[in-house]
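For reference, the chains in residue letters:
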Amino acid sequence: MLLNCVCAIAQAQFADCMLFDAYQKENMQVWADYLNSSSFSSLTTTEQHRYLDYEYGYTAAAIDMNRADAMQRLDSFALHIEQASSTLPSATILAYRSALAAYRVKVRQSTISNALRSFRYAEQAYEADSLNPLAITMQGNIRYFAPGILGGNKKKAQHYFLRAAQIYRQTTDTTCSWQYHLLRQWE
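Please read all numbers here as calculations on a predicted model, not as lab measurements.

This next bit is on helix H4 (residues 45–64). Given 3.6 residues per turn, any residue in an α-helix points the same way as the ones three and four places further on. Over its 20 residues, H4 runs 29 Å from end to end, which matches the ideal 28 Å to within 8%, given 1.5 Å per residue. Within H4, 15 of the 20 residues are buried, which leaves it mostly tucked inside the rest of the structure. At the C-terminal side of H4, asparagine 66 shows a positive phi close to 55°.

Structure representation (structure tokens):
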């Protein structure tokens, strides 16, 4: 019980707008502090979903910035995806798995097999729910980062990114949404 209270207090101090502000200032240490302040298994389902959203973004940033905690965060993200697999929509889980496989490509873990796995999960996520903004974003990421010979196409990527942004606008409060802000760069 005490652990749940401590986690709730830690969660409350990291409001979405505070995390969004840190994102805009490229201060990912705030995100690391948020992720490190909580025990994933003690969070409510809603809090776990929120946590995964930030872990998804932070893991990419940690890898890109060569942060010391990147590999630990990658392993943690993989574990949390599986722990949340029964509570999140299948399209979201598949999209996170696509991102995880892509992150493994970035750190040179079984590059070919993970690239193919990322493509496959992205397709499965989109097939599971073509209106899921994260699944749509993964379609954009695949088109953006893949070489042309493997289906890469920046114009198609832009189409997916803009569509995901539109769905975010229609379905969520985007005031402090780091994902929505990132997608808006394509407008």
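A few words now on the state of the cysteines. A complete count under the given rule lists 1 disulfide for this structure. A sulfur-sulfur separation of 1.7 Å characterises the disulfide bridge that pairs cysteine 17 with cysteine 176. Negative torsions about the S-S bond denote left-handed disulfides, and the value of about 80° found for cysteine 17 with cysteine 176 makes this one right-handed. Of the two residues, cysteine 17 is situated in helix H2 (residues 16–24) and cysteine 176 in the loop between helix H9 (154–171) and helix H10 (178–184); the sequence distance between them amounts to 159 residues. Owing to a relative accessible area of 44%, cysteine 17 belongs among the partly exposed residues under this scheme. Cysteine 176 sits in the buried class, given a relative accessible area of 14%.

Let's shift gears to the side chain of arginine 73. Mapped onto the fold, arginine 73 is located in helix H5 (residues 70–83). Ignoring anything within four residues of it in the chain, the contact list for arginine 73 reads Leu35, Asn36, Tyr51, Glu55, Tyr58 and Thr59.

Bringing the pattern of salt bridges into the picture now. This model, assessed by the stated rule, comprises 9 salt bridges. Between arginine 73 and glutamate 55 there is a salt bridge, and its shortest N-O distance comes to 2.8 Å. On the criterion of sequence distance, the pair formed by arginine 73 in helix H5 and glutamate 55 in helix H4 is long-range, its members being 18 residues apart. Under the relative-accessibility criterion, arginine 73 is labelled buried at 2%. On the basis of relative accessible area, glutamate 55 is assigned to the buried category, the value being 0%. Counted as one network, the salt bridges with shared partners bring together Arg169, Arg184 and Glu187.

In this section: H2. Along H2, the positions that sit buried rather than exposed are Leu19, Phe20, Ala22 and Tyr23. For H2, the angular spread of buried residues about the axis comes to 160°, placing them on one side. Those residues of H2 that are buried are in contact with helix H3 (28–36), H4 and H10.

Another point: the packing of H2 against H3. Here H2 crosses H3 at 145°, and the two axes come no closer than 7 Å. The segment H2 lies against H3, with Met18, Leu19, Ala22 and Tyr23 engaging Val30, Trp31 and Tyr34.

What follows covers the nonpolar core. Membership of the largest hydrophobic core comes to 46 residues, with the highest contact counts inside it found for Trp31, Leu52, Tyr56, Phe77, Tyr96 and Tyr103. Of all the elements in the fold, those that place two or more residues in this core are H2, H3, H4, H5, helix H6 (90–106), helix H7 (111–128) and helix H8 (133–145). The element best represented in this core is H4, accounting for 9 residues. Dropping the residues within four chain positions of it, phenylalanine 77 is found in contact with Leu52, Glu55, Tyr56, Thr59, Tyr96, Leu100 and Tyr103. Among the nonpolar cores identified, the runner-up in size contains 10 residues, and Tyr160, Ala164, Tyr168 and Leu183 belong to it.

For the coordinates displayed, the defined rule picks out 17 aromatic pairs. Relative to tryptophan 31, the ring of tyrosine 23 has its centre 6.1 Å away and its plane inclined at 25°; by these criteria the two rings are stacked. A single burial state applies to tyrosine 23 and to tryptophan 31, both of which are buried. When the centroid spacing of 5.8 Å and the interplanar angle of 45° are considered together, the rings of tyrosine 56 and tryptophan 178 count as tilted. Here tyrosine 56, found in helix H4, pairs with tryptophan 178, found in helix H10; they are 122 residues apart in sequence, far enough to count as distant.

Conventions adopted
Every chain is numbered on its own, with residues counted from 1 as its sequence reads. For this predicted model, a pLDDT threshold of at least 70 governs which residues receive local features, and a threshold of 80 or more governs which side-chain atom pairs are given and counted, while totals over whole chains, interfaces and linings are taken from all residues. The side-chain numbers reported here are obtained from all heavy atoms of the structure, hydrogens and water having been left aside. Counting from the N terminus, the helices are the DSSP runs of H or I reaching at least four residues and the strands are the DSSP runs of E reaching at least two. For a helix, the expected span equals 1.5 Å multiplied by the number of residues minus one. Buried means the residue's accessible area, taken with a 1.4 Å probe over protein chains only, is under 20% of the maximum for its type, while exposed means over 50%, and partly exposed covers the values in between. Disulfide: a pair of cysteine sulfur atoms within 2.5 Å of each other. Note on contacts: a residue pair is in contact if any heavy atoms of the two residues lie within 4.5 Å. Take a side-chain nitrogen of Lys or Arg and a carboxyl oxygen of Asp or Glu: if they are within 4 Å of each other, that pair is a salt bridge. Arc, as used here, means the arc of the directions from the helix axis to the C-beta atoms. Note on definitions: angles span 0 to 180 degrees between N-to-C directions of axes, and those axes are lines fitted to C-alpha atoms, for helices only across the stretch in contact. We define the nonpolar core as a collection of buried residues of types Ala, Val, Leu, Ile, Met, Phe, Trp, Tyr and Cys that are connected through side-chain atoms lying within 4.5 Å of one another. We call Phe, Tyr and Trp rings a pair once their centres come within 6.5 Å, taking the six-membered ring for Trp, and we label the pair stacked below 30 degrees between planes, edge-to-face above 60, and tilted otherwise.

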